[in-house]
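Here are the chains, one letter per residue:
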Amino acid sequence: MALPLVVLVLVLVLQVGLVARDQLLVVHAAREAVRGAAVAESAGDRAGAAVRAAHAAGGLPGTAVTTELLDGGRRVRATVRHTVRTDLPLVGALLPDVDLEASAVMRVEHPER
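Residues numbered from 1 in each chain as written. Predicted model: local features only at pLDDT ≥ 70, side-chain atom pairs only at ≥ 80, totals over all residues. Heavy atoms only, no water.

> Please provide a residue-by-residue account of the sheet that holds strand E3 (residues 98-107), values included.
Ordered in space as E1-E2-E3, the three strands form an open sheet in which the pairing is antiparallel. Among the strands making up the open sheet, the edge pair consists of strand E1 (64-70) and E3. Neighbour-to-neighbour, the strand axes of this sheet turn through a mean angle of 15°, independent of strand direction. Pairing of E1 with strand E2 (residues 75-84), which is carried by seven bridges, proceeds in the antiparallel orientation. Counterpart to Glu68 in the pairing with E2 is Arg77. Running at roughly 30° to E3, helix H1 (residues 3-38) makes contact with E1, E2 and E3 of the sheet. Against the sheet, helix H2 (residues 46-58) contacts E1 and E2, and its axis sits at roughly 135° relative to E1. (Pairing = 2+ DSSP bridges. Helix = DSSP H or I, 4+ residues; strand = E, 2+ residues; numbered from the N terminus. Axes fitted to C-alpha atoms, helices over the stretch in contact; angles between N-to-C directions. Contact = heavy atoms within 4.5 Å.)

Next up, the structure:
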């Protein structure tokens, strides 16, 4: 009689583990995105470099990457956003989709003069 409850709890733990894994991937993607933006040769390529680096590092489809310059162009911030679909059987209907976000800041290697 307790087996359905045990299965439900195990699937719920699995879903939480998948969300935690995706959070780690989003943090890693943000770090790589800011690194790509910081070492970009030109200011026009910072956003493109950040997007390419985030997608190569995270491997999560549908991530949104934004960059912004701070301190008059001496530092750059990259923010990565991703929505995790909670679609495992049994618990997918109980849990809403989770929005994940991570940011990282780094010194710009080639500041505009």
